[in-house]
Amino acid sequence: MTIDVRPASVFEDVRAVIGPKSPTATVCFCLSHRIPAKLDKELRGPARSEYVAALCDREPPPGVLAYDGDEPAGWAAVAPRSETAFARSRKIPHVDDLPVWSLWCVRVRPGHRGKGLSHALIAGAVEFARAHGAPVVEAYPLDNGEARVDTTMAYPGLRRNFERAGFVKVADTASVLVGHPRILMRLDLG
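Just so it is clear, the model here is predicted, and its values are computed rather than measured. Sequence positions are assigned chain by chain, starting from 1 and proceeding in written order. Only residues with pLDDT of at least 70 are given local features in this predicted model, and only at 80 or more are side-chain atom pairs given and counted; all residues enter the totals for whole chains, interfaces and linings. Hydrogens and water are ignored here; the side-chain numbers use all heavy atoms of the structure.

*Asks:* In this structure, what is going on with the packing of aromatic side chains? I would like to understand it.
*Replies:* What characterises a pair of aromatic rings is the spacing of the ring centres plus the angle enclosed by the ring planes. Geometry of aromatic contacts follows a simple scheme: Phe, Tyr and Trp rings, the Trp one being its six-membered ring, pair when their centres are within 6.5 Å, and the pair is stacked under 30 degrees between planes, edge-to-face over 60, tilted otherwise. Summed over all chains, the structure comprises 5 aromatic pairs. Look at Phe86 and Trp104: their rings are 5.9 Å apart centre to centre, the planes differ by 55°, and that puts the pair in the tilted class. Here Phe86, found in the loop between β3 (71-80) and β4 (101-108), pairs with Trp104, found in strand β4; they are 18 residues apart in sequence, far enough to count as distant. Trp104 matches Phe86 in its accessibility class, with the two residues each being buried. An aromatic cluster of three or more residues is present, and its members are Phe86, Trp104 and Tyr140. Above the face of the Tyr67 ring, Arg6 is positioned so that its terminal group lies 3.8 Å from the ring centre. Secondary structure follows DSSP: runs of H or I at least 4 residues long count as helices, runs of E at least 2 residues long count as strands, and numbering of each begins at the N terminus. Only protein chains enter the accessibility calculation, which uses a 1.4 Å probe; a residue whose area is less than 20% of its type maximum is buried, one above 50% is exposed, and one in between is partly exposed. Each ring is checked for a lysine NZ or an arginine CZ that lies within 6 Å of its centre and within 35 degrees of its normal; such an atom marks a charge sitting over the ring.

See the structure below:
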């Protein structure tokens, strides 16, 4: 197995990993934290796909993809916090005024789990942010301890995976997902 993490600039590969199954869906494509809620609700079907395709065409693209051989197998959303809903969040605190990047979604496709892709995605997202001038990367993972989390709801990542990547907890948040608190973790890239 060869894992390669690349910028998410190929729309068809992004669609394969995080695209909705139904062409009329109003969910996923990892937009809920990237764009204002009103726009997120308005984008349906082809308009949603077109929006994400445009994100893939811009510089920087909307995140990174992990490839298992030639197959797109995982996704990590990473962008400047100022361009996300986290810039306006009442539940996720701002620690300081640094131009941090947010890493808020780590997704591995079924059939590719258990191969270390989430670790590769976190590392790849950090390197992507570093290459684009980020001084710090923030994440908002679940603090689930040893409790099992359904893979569908583990998209923010798990604390232990971010700790393994060198992130440290810097604050509690008011956000809770599937009964687990989310914490603010950071990795200083300086």
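Past the structure itself, the notes keep going.
*Asks:* Looking at this model, I keep getting lost on the sheet that holds strand β5 (residues 136-139). Mind explaining?
*Replies:* If DSSP finds at least two bridges between two strands, the strands pair. Judged by pairing direction, the sheet is mixed, and its 7 strands sit side by side in the order β1-β2-β3-β4-β5-β7-β6 without closing on themselves. The outermost strands of the open sheet, each flanked by one partner alone, are β1 (3-7) and β6 (168-177). With direction set aside, neighbouring strand axes in the sheet form an average angle of 25°. The pairing of β1 with strand β2 (residues 63-68) spans 5 bridges and is antiparallel. For Arg6, the partnering residue across the bridge sits in β2 and is Leu65. Against the sheet, helix α1 (residues 11-18) makes contact with β2, β3 and β4, and its axis sits at roughly 95° relative to β3, the strand it touches most. Only C-alpha atoms enter the line fits that serve as axes; for helices the fit covers just the stretch in contact. Angles between N-to-C directions range over 0 to 180 degrees. We call two residues contacting when some pair of their heavy atoms lies within 4.5 Å.

*Asks:* I tried to follow the pairing of β5 on my own but got confused; where do I start?
*Replies:* Put simply, side chains in a regular strand alternate between the two faces of the sheet. Of the two faces of β5, the one holding Val136 and Glu138 and the one holding Val137 and Ala139 are both buried throughout. Judged from the 3 bridges that link them, β4 and β5 form a sheet pairing that is parallel. Among the inter-strand pairings, Ser102 is bridged to a residue of β5, identified as Glu138. As for the winding sense of the linkage, the β-α-β connection from β4 through helix α4 (residues 117-131) to β5 is right-handed. Two elements, β5 and strand β7 (residues 180-188), share 4 bridges in a ladder whose sense is antiparallel. Bridge assignment links Val137 to a residue of β7, and that residue is Leu187. Seen with its strands pointing away from the viewer, a crossover is right-handed when the path leading from the first strand over the helix to the second is clockwise.

*Asks:* Just to check I follow, could you spell out the layout of surface pockets for this structure?
*Replies:* Once rolled over the atoms, a probe with the size of a water molecule shows which space is left empty. Quantified by volume, the largest pocket comes out at close to 1,200 Å³. At the level of secondary structure, the elements contributing two or more residues to the lining of the largest pocket comprise α1, β4, α4 and α5 (159-164). Ranked by residue count, the leading element in the lining of the largest pocket is β4, at 5 residues. Considering the residues around the second largest pocket, the lining is formed by 18 residues, among which Ser32, His33, Ala85, Phe86 and Ser89 are closest to the centre. Cavity means a closed set of points on a 1 Å grid over the protein atoms alone, one where a 1.4 Å probe fits but cannot get out, pocket means an open set with protein on both sides within 12 Å along at least 5 of 7 lines, and lining means a residue has an atom within 4 Å of a point. Grid points are joined across faces, edges and corners, and a volume is the space filled by probe spheres set on the points.

*Asks:* I tried to follow the pattern of salt bridges on my own but got confused; where do I start?
*Replies:* Close approach of charged atoms allows side chains with opposite charge to pair. Whenever Lys or Arg places a side-chain nitrogen within 4 Å of a carboxyl oxygen from Asp or Glu, that contact is recorded as a salt bridge. Counted by the stated rule, this structure contains 13 salt bridges. A salt bridge links Glu12 to Arg15, with the nearest nitrogen and oxygen atoms 3.1 Å apart. Here Arg15 and Glu12 lie together in helix α1, a separation of 3 residues that amounts to about one turn. According to the relative accessible area criterion, Glu12 is partly exposed, its value standing at 47%. Between Asp96 and Arg186 there is a salt bridge; the shortest N-O distance is 2.8 Å. You can see Asp96 sitting in the loop between β3 and β4 and its partner Arg186 sitting in strand β7, a full 90 residues away along the chain.

*Asks:* Could you clarify how one ought to interpret the packing of α1 against helix α3 (residues 45-57) in this entry?
*Replies:* Geometrically, a packed helix pair is captured by the angle between its two axes and the distance between the axes. Running from N to C, α1 and α3 cross one another at 125°; their axes reach a closest spacing of 9 Å. Here α1 is positioned oblique relative to α3, judged by the angle of their axes. Handedness of the α1/α3 crossing: right-handed. Touching Phe11, Val14 and Arg15 of α1 are Ser49, Val52, Ala53 and Cys56, all from α3. Asp, Glu, Lys and Arg are counted as charged, while Ala, Val, Leu, Ile, Met, Phe, Trp, Tyr, Cys and Pro are counted as nonpolar; the rest, among them Gly, fall into the polar class. When its residues are assigned to classes, the contact of α1 with α3 shows 5 nonpolar, 1 polar and 1 charged. Here is the rule for angles: anything less than 35 degrees is roughly parallel, anything more than 145 is roughly antiparallel, 65 through 115 is roughly perpendicular, and the remaining ranges are oblique. By definition, any crossing whose near helix is turned counterclockwise from its far helix by less than a right angle is left-handed, and any crossing with a clockwise turn is right-handed.

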